[in-house]
Amino acid sequence: MIGGDIVAGENDRAKASLQADYDALGEHLDRRGIDIGEVKAKVAGYGVAIPSWGVGTGGTRFARFPGAGEPRGIFDKLDDCGVIQQLTRATPAVSLHIPWDVAPAADLVAKAEETGLAFDAMNSNTFQDQEGQALSYKFGSLSHTDAATRAQAVEHNLACIALGQEIGSTALTIWVGDGSNFPGQANFTRQFERYLEAAGQVYAALPDDWTLLTEHKMYEPAFYSTVVQDWGTNLLIAQQLGEKAKCLVDLGHHAPNVNIEMIVARLNQFGKLGGFHFNDSKYGDDDLDTGSIDPYRLFLVFNELVEAEADPDFAPMHMLDQSHNVTDPIESLMVSAMEVQRAYAQALLVDRNALNDFQEENDALMATTTLKRGFRTDVEPILAMARIENGGAIDPVATYRASGYRAKVAGERPAVSGAGGGIV
Ligand SMILES: [Mn+2]
């Protein structure tokens, strides 16, 4: 973790300007009938989970360029996640990926306590083969043609639930790489029937207070078809499995230009919006940092979420899921967590009564202007004030760089080989 004196020193230098900016924004919002303190309190209470795999440098199928001081295992990963939470106060939980992060439950819990973190959803992995694994997932897992391979994949998911129960998780996220690379390779219907049957066995073993999240993805690793290719199939799964099954929306797992915020609204309307994986994309997939390409789209997603917040039972899970190929993952994750908070704060500023009236009156121009006014407002002083009041840093990236954390861990963690590709 980073020394409290370093955080305090950095904050002291920026405090006066922050206070002036915050007061000015407070006056501006007051004229709009918005209490800045209420917005700040909601932002301060908001958290987005970090994926354990996110603190390692990512890569493509061409190459991976490892960074210095990469985490060697789950305990190093939790240290890095602890730093992100220490400085941003926006990332209170970590989502584990099994079997990458397998460790004794007691050790995981102890490390989480030491680093000030909790555990978010468990993620199963049946998209690659592990050492010593009896049957291969080359041609699928939960939808494999071979019953024994499907049973092995079901067993793995049950093991994820068992570990999760010991460390305080209450959700299992299933994403499979199952699909096909050639027309005719797989029978779409039979493959999906097998998936539903196997996923149903996992669902049957789900504890009462758990949620089962399924995540759709349009392509990759299968490039012609995937079993759970879009939100329609995802919704069918959640409806077939039952009450505790909900859909996870990964912002990058759609075709370009798809109206994701509308998918969010639809899933929520029918009680099947389970959570998010935040990231951004330009052409496809989930590789770019949240808010780096299209912050307005992120805002529009949060507009739907704020709209839905009125329902006290509305509690989707939020996680970052992105690949960091050219940046320090800790810096990217801190900036992305703040981008998610920013979109949330901006959505909180929308005058919903006015928006509703303009919608009812079919005043398209004023409706969209009312919506965009929230997006146009610079909410940075609210985010920074929420951070510092929660014990974080006014400028997390500057503080992190001043701390020398990366150089320190680089000395303790031997360099990882750059050979081989693959997204981490
Ligand atoms: Mn994802």
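Computed from a prediction, not measured in an experiment: that's the story for all the values here.

**Looking at the overall build of the protein**
If you tally the helices and strands in the protein, you get 15 helices and 10 strands. Over its C-alpha atoms the protein spans a radius of gyration of 22 Å, differing by no more than 12% from the 22 Å that the globule rule assigns to 424 residues. Projected onto the principal axes, the alpha-carbon positions of the protein cover approximately 65 × 60 × 40 Å. Taken over 424 residues, the protein has a buried fraction of 46%. Counted over contacts in the protein with a minimum sequence separation of 6, partners at least 24 positions apart contribute 79%.

**Some remarks on the sheet that holds strand β9 (residues 273–278)**
Strand order in the open sheet formed by 8 strands is β1-β2-β3-β4-β6-β8-β9-β10, and the pairing between neighbours is parallel. What marks the edges here is a single partner per strand, and that holds for β1 (50–51) and β10 (317–320). As defined by bridge partners, strand β2 (residues 93–98) adjoins strand β3 (residues 118–124) across 5 bridges and the pair is classed as parallel. Its bridge partner lying in β3, Ile98 is registered against Ser124.

**Considerations on the nonpolar core**
Ile84, Val94, Leu172, Ala337 and Ile382 are the most contacted members of the largest nonpolar core, which has 95 residues in total. Considering each element in turn, this core owes the most residues, 11 residues, to helix α10 (residues 329–348). For Leu172, the contacting residues outside a window of four places in its chain are Ala121, Met122, Ser124, Asn157, Cys160, Ile161, Gly164, Leu206, Trp210, Leu212 and Leu213.

**Some thoughts on unusual backbone geometry**
Residue Pro99 is reached from Ile98 by a cis peptide bond, and omega for that bond is 15°. By secondary structure assignment, the location of Pro99 is in the loop between β2 and α4 (105–115). The amide bond that connects Glu220 to the next residue, Pro221, takes the cis arrangement and shows omega of 5°. With respect to the secondary-structure elements, Pro221 resides in the loop between β6 (211–215) and β7 (225–226). You will see that Arg89, though not glycine, has its phi angle at about 55°, which is positive. Non-glycine residue Glu220 carries a positive phi angle of around 75°. By secondary structure assignment, the location of Glu220 is in the loop between β6 and β7. Using a count of 15 C-beta atoms within 10 Å as the deciding quantity, one classes Glu220 as partly exposed.

**Digging into the pairing of β6**
Here β6 lies mainly inside the structure; 5 of its 5 residues are buried. Alternating positions in β6 separate into two faces, Thr211, Leu213 and Glu215 on one and Leu212 and Thr214 on the other, with burial throughout. Strand direction decides the pairing type here: strand β4 (residues 171–174) and β6, joined by 4 bridges, are parallel. Across the sheet, residue Ile174 finds its bridge partner in β6, namely Thr214.

**Some details on the pairing of β4**
Here β4 shows no split at all, with Ala171 and Thr173 on one side and Leu172 and Ile174 on the other all buried. Summarising the sheet, β3 and β4 pair through 2 bridges and their orientation is parallel. Among the inter-strand pairings, Met122 is bridged to a residue of β4, identified as Leu172. Taking the sense of rotation as the criterion, the β-α-β connection linking β3, helix α5 (residues 147–167) and β4 turns out right-handed.

**Some points on the packing of helix α9 (residues 295–308) against α10**
Interhelical geometry of α9 versus α10 gives an angle of 55° and a closest axis separation of 8 Å. The pairing of α9 with α10 is recorded here as oblique in orientation. For the pair α9 and α10, the crossing hand works out as right-handed. Between α9, through Pro295, Leu298, Phe299, Phe302, Asn303, Leu305 and Val306, and α10, the contact on the second element is made entirely by Glu339, Ala343, Tyr344, Gln346, Ala347 and Leu348. Considering only residue class, the contact of α9 with α10 consists of 10 nonpolar, 2 polar and 1 charged.

**Re α9**
Since the α-helix turns once every 3.6 residues, residues separated by three or four places project in the same direction. Taking 1.5 Å per residue, 14 residues should reach 20 Å; α9 reaches 20 Å between its end C-alpha atoms and fits that length. Of all the residues in α9, the buried ones are Leu298, Phe299, Leu300, Val301, Phe302, Asn303, Glu304 and Leu305. In this structure, the buried side of α9 is in contact with α8 (260–269), α10 and α12 (364–376).

**Focus on the packing of helix α3 (residues 74–88) against α4**
For the pair α3 and α4, the least separation of the axes is 9 Å and the interaxial angle reads 25°. Here α3 is positioned roughly parallel relative to α4, judged by the angle of their axes. Classified by chirality, the crossing of α4 by α3 is right-handed. Listed contacts from α4 to Phe75, Leu78, Asp79, Cys81 and Gly82 of α3 are Lys111, Ala112 and Thr115. Here the residues of the contact of α3 with α4 are counted per class, giving 4 nonpolar, 2 polar and 2 charged.

**Let's talk about α4**
Listing the buried residues of α4 in full gives Leu108, Lys111 and Thr115. One face of α4 carries all of its buried residues, which in axial projection span an arc of 70°. Turned more than 90 degrees off the buried face of α4, the exposed positions are Ala106, Ala110 and Glu113. Its buried side turned inward, α4 meets α3 and α5.

Cut-offs applied
- Residues numbered from 1 in each chain as written.
- Predicted model: local features only at pLDDT ≥ 70, side-chain atom pairs only at ≥ 80, totals over all residues.
- Helix = DSSP H or I, 4+ residues; strand = E, 2+ residues; numbered from the N terminus.
- Rg over C-alpha atoms; globule rule 2.2 N^0.38 Å.
- Buried ≥ 20, exposed ≤ 12 C-beta atoms within 10 Å, placed from the backbone.
- Contact = placed C-beta atoms within 7 Å.
- Pairing = 2+ DSSP bridges.
- Core = buried A, V, L, I, M, F, W, Y, C linked by C-beta atoms within 7 Å.
- Right-handed = clockwise from strand over helix to strand, strands pointing away.
- Axes fitted to C-alpha atoms, helices over the stretch in contact; angles between N-to-C directions.
- Parallel < 35°, antiparallel > 145°, perpendicular 65-115°, else oblique.
- Left-handed = near helix turned anticlockwise from the far one by under 90°.
- Nonpolar A, V, L, I, M, F, W, Y, C, P; charged D, E, K, R; others polar.
- Expected span 1.5 Å × (residues − 1).
- Arc of directions from axis to C-beta.

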